[in-house]
Amino acid sequence: MDYAPADVAVADFDRDGWDDLIVLDSEHRAVRVWLAQQNGEFRETLKQAVGRRPTALAVQDMNADGFPDILVTDRSASDMRIYLNLSGQGLDEENSYGVGENPVFVLSADFTNDRRPDVVVCNAGDGSFTLLRNIYYPVLSQTGTRQLPSRPVRLVPVGERRFVVAYEDSAFLSLMDVSEMGLRETARWPVPEPVVAVAPWSSDGDGAIGLWLVLKDRPVLQGWRFKDASSLEFVREEAVPVAETVLDLTDGTLLASPTRGDSGWVWQFNRWQPVRLPGWWVRSYQNDTGVWAVFESGDLDAALMWLTTEDSLWRWQPVPLPDNLPAGRIEAVLNAGQVLVRPAGGDEWQVQSLAADGRSQPMNGLFADSWLPRLVHVDANRDGEPDWLTVDFIHNRLLLFRQLGKESFAPAEIYQVPEAPIDLVALPREDAAGWFVAVASYETGTLTLFRSGRPPTWTANMRQKKAKSAE
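Draft legend 1. Examining the pattern of salt bridges more closely. Scanning the model with the defined rule gives 15 salt bridges in all. Between aspartate 79 and arginine 81 there is a salt bridge whose closest N-O contact spans 3.2 Å. Glutamate 443 is paired through a salt bridge with arginine 151; the nearest N and O atoms lie 3.2 Å apart. With glutamate 443 in the loop between β40 (435–441) and β41 (446–452) and arginine 151 in the loop between β12 (140–147) and β13 (152–159), this residue pair connects regions lying 292 residues apart in the sequence. Overall, the relative accessible area of 37% leaves glutamate 443 in the partly exposed class. Here arginine 151 falls in the partly exposed class, since its relative accessible area comes to 33%. Put simply, Asp25, Arg32 and Glu44 are held in one network by salt bridges that share partners.

Draft legend 2. Summary view of the pairing of β13. Direction of pairing for β13 relative to strand β14 (residues 162–167): antiparallel, over a ladder of six bridges. Bridge pairing in β14 links leucine 155 to valine 165. Here β13 folds back onto β14 in antiparallel fashion, the turn holding two residues.

Draft legend 3. How the structure looks around the packing of aromatic side chains. Tallying each qualifying case throughout the model produces six aromatic pairs. For the ring pair tryptophan 224 and phenylalanine 234, a centre distance of 5.5 Å and an interplane angle of 75 degrees mean the geometry is edge-to-face. With a gap of 10 residues between them, tryptophan 224 in strand β19 (residues 220–226) and phenylalanine 234 in strand β20 (residues 232–239) connect regions that are remote in the sequence. Pairing tryptophan 388 with phenylalanine 401 gives two aromatic rings, centres 4.6 Å apart and planes at 20 degrees, and the pair type is stacked. Here the residue tryptophan 388 occupies a position in strand β34 (residues 387–392), and phenylalanine 401 occupies one in strand β35 (residues 397–401), the gap between them amounting to 13 residues. For phenylalanine 401, a relative accessible area of 0% puts it in the buried group. One residue, arginine 15, lies across the ring of phenylalanine 67, its end atom 4.3 Å from the ring centre. Sitting above the plane of the phenylalanine 226 ring, arginine 162 keeps its charged end 5.8 Å from the centroid.

Draft legend 4. Geometry of the sheet that holds strand β39 (residues 421–428). Strands sit in the order β12-β41-β40-β39 across an open sheet of four strands; the sheet is antiparallel. Each having just a single partner strand, β12 and β39 make up the two edges of the open sheet. The mean angle between the axes of side-by-side strands here comes to 20 degrees, regardless of whether they run parallel or antiparallel. Judged from the six bridges that link them, β40 and β41 form a sheet pairing that is antiparallel. Each residue of the ladder has a partner; that of phenylalanine 436, found in β41, is arginine 451.

Draft legend 5. View of unusual backbone geometry. Positive phi, normally seen in glycine, also occurs at arginine 29, with a value near 55 degrees. Looking at the element boundaries, arginine 29 is found in the loop between β2 (20–25) and β3 (30–36). Of note, the phi angle at serine 78 is positive, near 50 degrees, even though the residue is not glycine. As for its position among the elements, serine 78 is in the loop between β6 (69–74) and β7 (79–85).

Draft legend 6. Representation of the environment of glycine 279 in the model. Mapped onto the fold, glycine 279 is located in the loop between β24 (271–276) and β25 (280–287). The spacing of glycine 279 and glycine 264 is 15 residues in sequence and 9.4 Å in space, taken between C-alpha atoms.

Draft legend 7. Geometry of the environment of valine 23. Considering the arrangement of structural elements, one finds valine 23 in strand β2. Its relative accessible area of 2% is what places valine 23 among the buried residues. With 17 residues separating them along the chain, valine 23 and alanine 6 place their C-alpha atoms 7.6 Å apart.

Draft legend 8. Local environment of the side chain of arginine 81. Within the secondary structure, arginine 81 is located in strand β7. A polar side-chain atom of arginine 81 sits 3.2 Å from a polar atom in the side chain of aspartate 79.

Draft legend 9. Focus on the sheet that holds strand β1 (residues 7–11). Within the open sheet, the four strands sit side by side as β1-β2-β3-β4. Their pairing is antiparallel. Each of the sheet's edge strands pairs with one partner strand only, and the pair in question is β1 and β4 (42–49). Neighbouring strand axes in the sheet, compared pairwise and without regard to direction, differ in orientation by 20 degrees on average. Taken together, the five bridges between β1 and β2 define a ladder with antiparallel strand orientation. Counted as the bridge partner of aspartate 7 is leucine 24 from β2.

Draft legend 10. A positive patch on the surface, seen in detail. Among the surface-exposed residues, Arg29, Arg52, Arg53 and Arg75 lie close enough to one another that they form a single positively charged patch. Tracing the backbone through its elements, the reader meets arginine 53 in the loop between β4 and β5 (54–60).

Draft legend 11. The arrangement of the nonpolar core in detail. One finds Leu155, Phe163, Val165, Val178, Leu183 and Leu447 to be the most contacted residues of the largest nonpolar core, which totals 20 residues. Elements supplying a minimum of two residues to this core: β14, β15 (172–179), β39, β40 and β41. Once residues within four sequence positions are removed from consideration, leucine 183 is found in contact with Arg146, Phe163, Met176, Asp177, Val178, Leu447 and Leu449.

Reading the values: the criteria
- By convention here, each chain's residues receive numbers from 1 onward along its written sequence.
- Under the rules for a predicted model, residues below a pLDDT of 70 receive no local features and side-chain atom pairs below 80 are neither given nor counted, while totals for whole chains, interfaces and linings still include all residues.
- Only hydrogens and water are set aside; all other atoms, that is, all heavy atoms of the structure, feed into the side-chain values.
- We define a salt bridge as a contact between a side-chain nitrogen of Lys or Arg and a carboxyl oxygen of Asp or Glu at a distance within 4 Å.
- Only DSSP runs of H or I with at least four residues qualify as helices, and only runs of E with at least two residues qualify as strands; both kinds are numbered from the N terminus onward.
- Each residue is assigned to one of three classes by its accessible area relative to the maximum for its type, calculated with a 1.4 Å probe on protein chains only: buried under 20%, partly exposed between the two thresholds, exposed over 50%.
- When DSSP locates at least two bridges between a pair of strands, those strands are taken to pair.
- Any two of the Phe, Tyr and Trp rings considered here, Trp counted by its six-membered ring, make a pair once their centres fall within 6.5 Å; the pair's planes then place it as stacked at under 30 degrees, edge-to-face at over 60, or tilted in between.
- Whether a charge sits over a ring depends on NZ of Lys or CZ of Arg being within 6 Å of the ring centre and within 35 degrees of the ring normal.
- Working convention: axes come from line fits to C-alpha atoms, limited for helices to the stretch in contact. Angles between N-to-C directions cover 0 to 180 degrees.
- Polar contacts, as used here, are pairs of N or O atoms within 3.5 Å; protein pairs need one atom able to donate a hydrogen and one able to accept it. Residues neighboring in sequence count only if both atoms are side-chain atoms.
- Each patch is assembled from residues with relative accessible area greater than 30% and no salt bridge, linking like charges that lie within 9 Å and nonpolar side chains (Val, Leu, Ile, Met, Phe, Trp, Tyr) that lie within 5 Å.
- Surface exposure here means Shrake-Rupley accessible area, sampled with a 1.4 Å probe, where a residue is shielded only by the protein chains that are shown.
- A positive count includes Lys and Arg, and a negative count includes Asp and Glu. His and the chain ends are not counted in either.
- For this purpose, a charge sits on NZ of Lys, CZ of Arg, CG of Asp or CD of Glu.
- The definition of a nonpolar core used throughout is a set of buried Ala, Val, Leu, Ile, Met, Phe, Trp, Tyr and Cys residues joined through side-chain atoms within 4.5 Å.
- Residue contacts are defined here by distance: any two heavy atoms, one from each residue, within 4.5 Å place the two residues in contact.

Any functional reading would require information that these geometric values do not contain.
Written out as structure tokens, the structure reads:
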């Protein structure tokens, strides 16, 4: 080195499994990245200008993309700046945040126990430290909008980064591919008539992904299978009472439930078998133990059932509800132990634990008249807890609720979308560092694409520590 480093940190900057060196060169007002080589040496690959009088640095993954970002304090501006790691290929200055006089040390950790990285800066000039608390972490950023040929009604994921769009009044389906470049329609398949329900299907246990279609004007269920990446072929057709809800449970097992009434049909052993339901199906949540489903039997009444398998047969079992369940309607099963309740009388929505003495908490971000046509689970925090995404059809919003611990959720992160969002899908990104979210808007006939990975915003809390005067 031909300079004296003022600070240094260790992190795997390019995620190759080797720890690299991030060096603060205050003399040349720069951060230098030295990548570790397999022979035990280091090679300087990046130099980034940082302010006028940089004093200290720290590393932290600030935007949850898996790459360590760099934080630098600057004495001349009395601020702290975040430089986002561009997938190990460079740095991008995100923003600067005011701190105290003459900042000399910076540290990032989860100081507020909310699973979000905060920042503490020590200021030598005024004997204080600044806590920059991450109060809002916008995980998603909008990357584009695509006009569709007709009004969409359903999005169905059919691969890691592929999904099918079904339309209200058009007798065809669109196959969409998602990449870092955006959305692209790669195939368009004609079908006999518009469909009212679509579900994924794995045919005959051979792993070939296909689709179940319920036609709009004929009481039939059709099975279509992918011949290759962009071709779809008709496989079979079965008569079934008109069903506006089709839920694919496992390979070869399908539940068809009407939007009104208490009779459903389970497709097993190549034939339909009737099943008695406690009402019409609203929404389900599937995990390793089975399928949790909500059935609505009246304006404010609901029944929660658990679908399990015994001797290769699916059976519905009622789930006991706690006595302290708020008066209202169960709208969704958030995870194996919590439900979302729309309360009666216009009160705020509640998340209710299913334990006998379970607690409830308000679900901030939802209005009394909100309608949530789709709920998708993601792991936004990468902590194994089921966070969830939904769209509010009435208020034109995409909402992300992140679970904190076993029974609590953070306030909703809200993103505006075009009018009347009717469905969404969440698909993994190519670099496995996050996911894409596509939202279909009914009135505008558009798809809006979001991508995970945005920097946090902050609030600064100044806490003064006055030096004692000499006696």
